[in-house]
Amino acid sequence: MATRYILGVITAALVLSLAAYVPVGAAGSADAGAAGSLSGTAKIEGATLKPTRIDMSSDPNCSKAHSTPATTEEVVIGPNNGLANVIIYVADGLGDRTFEPPQQPAVIEQKGCQYKPHVVALQTNQKLNVVNSDDTTHNIHPMPNNNREWNKTQPHGMPVEESFAREEIAIPVKCNVHPWMRGYIAVFKHPYFVVTDKDGNFDLKDLPPGTYTIKAWQEKFGTLSQKVTVGTGESKTLEFVFKAGS
Amino acid sequence: MSLRMSFAVTFFLLSFSLSSLAQEAHVGNLTGNVKRGKALYQRYCIFCHGTYGDGRGESAPYLDPKPRDFTKATFKCRSTPSGSLPLDSDLYDTISRGIHATGMPSWKPLTRQERVDLVAYIKSFSPRFQEEKPATPVVIPPEPTTSPESVKRGAELFQTMNCWLCHGKEGRGNGPSASSLTDSKGNPITPFDLSSGAHFKCGDTDQGLFRDLTTGIDGTPMPSFSDALKPDQIWDVVHYIHTLRASNKSKPGQTQAEPKAE
């Protein structure tokens, strides 16, 4: 009886260990020729929110970088209620595919004591170059839940290169010496994500045919979700409408 | 069949021994034991750090700063670069020394073996200790003697590196950004009052201060200066910080012994 139990445990361990290796063998990437695409707009309904002025007077090197007062980027609304800085991404439907990180790094720049872009999205283990173009010293401090937390002082011109090992949507980034500074870094284990432009538009290209859950994330309004099926070579249009105050 | 079975047995035993190895702790010639550490933890640590090591023990609501959440594996006092896991000896040192001006006392009344056992158990709260290895610890070069020039350079760096925005122009912890600061859990946190003469949190030696400036204090707003400053410049800042301290018990430029707990 005891022997059978032990054999059972050993077999289970073997099966589990084999199962863990199968997805690696089945790894593949999209067939570019048959790829579809998703484009559209993220919008906001019922928002009367306006960007507010930022007081940068504690560091004159920051305030003098702006000819007109800098404003917050938490909610940026373009024409026709288009919502900027929304991350549109595939949340489900890629199965066991695995993806290599791209060679070119993602870049986040500190300029005028603000993060440019305000929201940056990249792949796991893709390099992130942090640039300080300001005449002051920043500290770049991402505060992840699922990745390593680091915090580095960065004087003007000093290069910082980092990466994130695990998917996380999205990691808040702070500069502690300049408390108004806030940005977000979103990390994906696949390349199917895009951040909406200043008018709220997006274009998600090279999507392999399939049925997907597509999500839209905004730092203040949360996450919206839609299911969509993309056929071979098909281009579809999607709209995400966030409701203010909900 | 018998071959496959023996392979399975080998694999099973190997993976088992590997995972248990990763949960051990080594400090000097001592090896920590998770099981013994757990018993000690449940007796001494659980009230603040909690059953699950998440820093949410019964006493946690009454403490400021909050007890460490071991599940994140983010530790303040390390000899390793910002973002890295600590060495076993870093955790051992923190348990031994305690963290001044917090609820964390010195645990030197426990034997060295018991403290290493605790390190082994604390590591078991986060899978990171099995997935990652600590980075190479920072090198602390010999301290140059202090001088008016070194102090002056340190004062300039204190300004240009924006230390003053949090710590204040006179190091009193009252800079313009001080009131905005939170730790990584969103709890308010105050910058260290460098003028107070109080013991530094991660040890009160010049070498300790050099290390803190180099590694940063993870989980807090205090960043790492390892890539921003050269070692000589960090020593200049150390020398300048000495001049800010009101009750300046340690002589600038000299190594002060660790305060004895016994």
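Worth saying up front: this structure is predicted, and the values here are computed from it rather than measured. Every chain's residues receive numbers from 1 upward, in the order its sequence appears when written. Chain letters start at A and ligand numbers start at 1, both assigned in the order the entries are written. Given that the model is predicted, a residue must reach a pLDDT of at least 70 before its local features are reported, and side-chain atom pairs must reach 80 or more before they are shown or counted; all residues, however, enter totals for whole chains, interfaces and linings.

A closer look at the overall build of chain A
Phase 1 of the analysis: Elements are defined by DSSP. Helices are runs of H or I of four residues or more, strands are runs of E of two residues or more, and each kind is numbered from the N terminus. The helix and strand tally for chain A stands at two helices and 16 strands.
Phase 2 of the analysis: Looking at chain A as a whole, 34% of its 246 residues are labelled buried.
Phase 3 of the analysis: Sequence separation of at least 24 residues holds for 66% of the intrachain contacts in chain A that already meet a minimum separation of 6. Residue burial is a threshold on neighbouring C-beta atoms within 10 Å of the residue's own C-beta, all placed from the backbone, with 20 or more meaning buried, 12 or fewer meaning exposed, and counts in between meaning partly exposed. Here, residues touch in the contact sense if the C-beta positions derived from the backbone fall within 7 Å of one another.

Description of the environment of Ile214 of chain A
Residues and elements named next belong to chain A.
Phase 1 of the analysis: One can find Ile214 in strand β14 (residues 210-218).
Phase 2 of the analysis: Placed 59 residues apart in sequence, Ile214 and Pro155 show a C-alpha to C-alpha distance of 39 Å.
Phase 3 of the analysis: In this structure Ile214 touches Leu38, Ile88, Val90, Ala91, Gln226, Val228 and Leu238, once residues within four positions along its chain are discounted.

Considering the interface of chain B and chain A
Phase 1 of the analysis: Taken together, the 26 residues of chain B in the interface contact 25 residues of chain A.
Phase 2 of the analysis: Counting residues per element, the ones that place at least two in the side of chain B that touches chain A are α1 (2-22) and α8 (164-167) of chain B.
Phase 3 of the analysis: Examining the composition of the side of chain B that touches chain A, we find that four residues originate from one element, α1 of chain B, more than from any other.
Phase 4 of the analysis: Note that Gly is not counted as nonpolar here; it falls among the polar residues with everything else outside the nonpolar set of Ala, Val, Leu, Ile, Met, Phe, Trp, Tyr, Cys and Pro and the charged set of Asp, Glu, Lys and Arg. When its residues are assigned to classes, the side of chain B that touches chain A shows 13 nonpolar, 11 polar and two charged.

Some remarks on the sheet that holds strand β16 (residues 235-243) of chain A
Two orientations exist for strands paired in a sheet by backbone hydrogen bonds: parallel and antiparallel.
Residue and element names in this part refer to chain A.
Phase 1 of the analysis: Taken together, three strands build an open sheet; the order of strands is β13-β1-β16 and the sheet is mixed. Two strands in the sheet have a free side with no partner beyond their single neighbour: β13 (201-207) and β16. With strand direction ignored, the average angle separating the axes of adjacent strands in the sheet is 20°.
Phase 2 of the analysis: Two elements, strand β1 (residues 36-45) and β13, share five bridges in a ladder whose sense is antiparallel. Looking at β13, one finds that Leu38 is bridged to Leu204. When DSSP finds two or more bridges between two strands, those strands count as paired. Comment: axis = line fitted to C-alpha atoms, over the contacting stretch for helices; angle = value between 0 and 180 degrees taken between N-to-C directions.

Digging into the packing of helix α2 (residues 34-44) of chain B against helix α5 (residues 112-123) of chain B
Residues and elements named next belong to chain B.
Phase 1 of the analysis: Where α2 meets α5, the closest approach of the two axes is 7 Å, and the angle between their N-to-C directions is 100°. The angle between the axes of α2 and α5 places the two elements in the roughly perpendicular class. Along the contact surface, α2 presents Val34, Arg36, Gly37, Lys38, Leu40 and Tyr41, while α5 presents Glu114, Asp117, Leu118, Ala120 and Tyr121.
Phase 2 of the analysis: In terms of residue class, the contact of α2 with α5 is built from six nonpolar, one polar and four charged. Between 65 and 115 degrees an angle is taken as roughly perpendicular, under 35 as roughly parallel, over 145 as roughly antiparallel, and anywhere else as oblique.

A short note on the sheet that holds strand β3 (residues 106-111) of chain A
All names here are of chain A.
Phase 1 of the analysis: The strand order across the open sheet built from four strands is β4-β3-β6-β9, with neighbouring strands paired in mixed fashion. Edge positions in the open sheet fall to β4 (114-116) and β9 (160-162), since each of these has one partner strand only. The sheet shows a mean angle of 25° between the axes of neighbouring strands, direction not considered.
Phase 2 of the analysis: Of the pairings in the sheet, the one linking strand β6 (residues 128-132) to β9 comprises three bridges and is antiparallel in character. Among the inter-strand pairings, Val130 is bridged to a residue of β9, identified as Val160.

Things to note about helix α7 (residues 148-160) of chain B
Residues and elements named next belong to chain B.
Phase 1 of the analysis: When the terminal C-alpha atoms of α7 are compared, their 18 Å separation across 13 residues agrees well with the 18 Å that a helix rising 1.5 Å per residue should span.
Phase 2 of the analysis: Of all the residues in α7, the buried ones are Ser150, Val151, Gly154, Leu157 and Phe158. Along α7, the residues classed as buried sweep out an arc of 120° about the axis, all on the same side. Residues of α7 that are exposed and point over 90 degrees away from its buried face: Pro148 and Glu149.
Phase 3 of the analysis: Where α7 is buried, its residues meet α8 and α10 (231-244).
Phase 4 of the analysis: The positive-phi residue at the C-terminal boundary of α7 is Asn162, with phi of around 65°. A helix is expected to reach a length of 1.5 Å times the quantity of its residues less one. Taking the helix axis as origin, the arc is that swept by the directions to the C-beta atoms.

Some remarks on the confidence of the model for chain A
Phase 1 of the analysis: Confidence of the predictor at the level of single residues is given by pLDDT, which spans 0 to 100. The predicted model of chain A has a mean per-residue pLDDT of 88, with 86% of residues at 70 or higher.
Phase 2 of the analysis: Counting contacts from residues 13-32 of chain A, a segment whose pLDDT is below 50, to residues more than four positions away or on other chains yields 18 contacts.

Points about the nonpolar core
Phase 1 of the analysis: Nonpolar core, as used here: buried Ala, Val, Leu, Ile, Met, Phe, Trp, Tyr and Cys residues forming one set through C-beta atoms within 7 Å. Within the largest apolar cluster, 72 residues are counted, with the highest numbers of intra-cluster contacts made by Ile87, Ile88 and Ala121 of chain A together with Ile234 and Val237 of chain B.
Phase 2 of the analysis: The biggest single contributor to this core is α10 of chain B, with seven residues.
Phase 3 of the analysis: The contacts of Ile234 of chain B, once residues within four sequence positions are left out, are Phe210, Leu213, Thr214, Phe225 and Leu229 of chain B.
Phase 4 of the analysis: Ala73, Ile95, Ile122 and Phe125 of chain B belong to the second-largest nonpolar core, a separate cluster that totals 22 residues.

Topic: the packing of helix α4 (residues 88-97) of chain B against α5 of chain B
Residues and elements named next belong to chain B.
Phase 1 of the analysis: Where α4 contacts α5, the two axes come as close as 9 Å, and the packing angle between them is 120°. Judged by the inter-axis angle, α4 sits oblique to α5. When you trace α4 past α5, the crossing you get is right-handed. In this structure, α4 uses Asp88, Leu91, Tyr92, Ile95 and Ser96 to contact α5, whose residues at the interface are Arg115, Val116, Leu118, Val119 and Ile122.
Phase 2 of the analysis: Residues that form the contact of α4 with α5 fall into these classes: seven nonpolar, one polar and two charged. Working rule for handedness: look at the near helix, and if it is turned counterclockwise from the far one by less than a right angle, call the crossing left-handed; if clockwise, right-handed.

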